[in-house]
Each structure stands twice: as C-alpha cells, then as structure tokens.
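Chain by chain, the residues:
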Amino acid sequence: MKTMTKSELIVRLAERNQRLVARDADEAVKAILDAMGAALASGNRIEIRGFGSFALNYRPPRVGRNPKSGERVPVPAKHVPHFKAGKELRERVDGQAPIPPPTDPGDG
C-alpha cells in the first residue's frame, strides 16, 4: 500500500490545475490543512460532502500499564480526532463507484 504525502498531494494538485503554480498549490494545501486543524482544535466538526467528516471523540481518563515495567500509570482524559468516510468515498474505495476524471475549472 502506498502512502500519499503532503508534498505529493501538492504536486498532483499543481499537475491537475495547469494554471496553478506549484508554490500556489503548496500555499493552498497548507491553508486548508491549517484551517481544518484550527477548526478541530476549537471543537468544531468538519464535513466535506462526498468525502467524509472529521470530529473529536472524547476518551475518558483510565489506568494504563507501562509495557516495560508493568507499572500502573494514570492516562488523562483527552479528545482525539476521528474521521468517518462518506458514502461516496466508501463506494469509490470499494470499487463500486467510478473515479471521476480530473476537471479543469476553465472548461466551463
């Protein structure tokens, strides 16, 4: 399985949008990710139709164990980001829906 990195995402975005300079694609991706991180950090939910939603899940405090010593360790409560794929994305990944071809915004 291959992993797409942020830099590969930027390159693909620039390739698919010929009028978009690589530097602008870089700034756009960073701005989107920063905005998403800020929204989650402030407790908001993010929903991208056809893709999925990001939300925070609460994990209550618990007692864990140090794997090396077996000692009991208190683990504090925390919020963790959670992604839930939308129906369209699940179907595309499962191979039931065709992958749409790239579009050029200037074609309209």
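Residues numbered from 1 in each chain as written. Predicted model: local features only at pLDDT ≥ 70, side-chain atom pairs only at ≥ 80, totals over all residues. Heavy atoms only, no water.

**Q** Please give an account of the overall build of the chain that cites residues and values.
**A** Tallying secondary structure elements over the chain gives 3 helices and 5 strands in all. Reading the chain from its N terminus to its C terminus gives the helix and strand order α-α-β-β-β-β-β-α. Here the contacts in the chain between residues at least 6 apart in sequence split such that 34% fall between residues at least 24 apart. Total accessible area on the chain is roughly 9,000 Å²; 56% of this is exposed by carbon and sulfur atoms. (Helix = DSSP H or I, 4+ residues; strand = E, 2+ residues; numbered from the N terminus. Contact = heavy atoms within 4.5 Å. Areas by Shrake-Rupley, 256 points an atom, 1.4 Å probe, with all protein chains shown as cover.)

**Q** How would you summarise the sheet that holds strand 2 (residues 52-59) if you had to cite specific residues and measurements?
**A** The 3 strands lie next to each other as 1-2-5, forming an open sheet whose pairing is antiparallel. Edge positions in the sheet fall to strand 1 (46-48) and strand 5 (78-85), since each of these pairs with one other strand and no more. For this sheet the average axis-to-axis angle between neighbouring strands, irrespective of direction, equals 25°. For strand 2 and strand 5, the ladder comprises 8 bridges, and the chain directions are antiparallel. (Pairing = 2+ DSSP bridges. Axes fitted to C-alpha atoms, helices over the stretch in contact; angles between N-to-C directions.)

**Q** Go over the packing of aromatic side chains, please, and point to the residues and values.
**A** Each aromatic ring pair is summarised here by two numbers: the centre-to-centre distance and the angle between the ring planes. For the structure shown, the criterion picks out 2 aromatic pairs. Ring centres of Phe-51 and Phe-83 lie 5.4 Å apart, and the angle between their planes is 50°; this geometry places the pair in the tilted category. Here Phe-51, found in the loop between strand 1 and strand 2, pairs with Phe-83, found in strand 5; they are 32 residues apart in sequence, far enough to count as distant. Among the residues examined, Phe-83 registers a relative accessible area of 33% and is labelled partly exposed. With centroids separated by 4.8 Å and ring planes inclined at 45°, the aromatic side chains of Phe-54 and Phe-83 adopt a geometry described as tilted. With a gap of 29 residues between them, Phe-54 in strand 2 and Phe-83 in strand 5 connect regions that are remote in the sequence. An aromatic cluster of at least three residues, connected via ring pairs, comprises Phe-51, Phe-54 and Phe-83. (Phe/Tyr/Trp six-rings, centres within 6.5 Å; stacked < 30°, edge-to-face > 60°. Buried < 20%, exposed > 50% of the residue type's maximum accessible area, 1.4 Å probe, protein only.)

**Q** Can you explain a nonpolar patch on the surface? Please cite residues and give values.
**A** On the surface, Ile-48, Phe-51 and Phe-83 cluster together into a nonpolar patch covering about 240 Å² of accessible area. One can find Ile-48 in strand 1. (Patch = residues over 30% accessible without salt bridge, like charges linked within 9 Å, V, L, I, M, F, W, Y side chains within 5 Å. Salt bridge = Lys/Arg side-chain N within 4 Å of Asp/Glu carboxyl O.)

**Q** If you had to explain the packing of helix 1 (residues 6-16) against helix 2 (residues 22-41) to someone new, which residues and values would you point to?
**A** Two elements in contact, helix 1 and helix 2, have axes separated by 9 Å at closest approach and are oriented at 125°. Classed by the angle they form, the pair helix 1 and helix 2 counts as oblique. Relative to helix 2, the crossing made by helix 1 is right-handed. Across the interface between the two elements, Lys-6, Leu-9, Ile-10, Leu-13 and Ala-14 of helix 1 pack against Ala-22, Ala-25, Asp-26, Val-29, Lys-30 and Leu-33 of helix 2. For the contact of helix 1 with helix 2, the residue count by class is 8 nonpolar, no polar and 3 charged. (Parallel < 35°, antiparallel > 145°, perpendicular 65-115°, else oblique. Left-handed = near helix turned anticlockwise from the far one by under 90°. Nonpolar A, V, L, I, M, F, W, Y, C, P; charged D, E, K, R; others polar.)

**Q** Requested: an account of the pattern of salt bridges, with residues and values cited.
**A** Under the definition given, this model contains 6 salt bridges. Ionic pairing is found between Glu-8 and Lys-2, a salt bridge with its closest N-O pair at 3.0 Å. Glu-47 is the salt-bridge partner of Arg-49, the closest N and O atoms lying 3.1 Å from each other. For Arg-49, a relative accessible area of 74% gives the class exposed. Here the residues in one salt-bridge network are Arg-45, Glu-47 and Arg-49, joined through shared partners.

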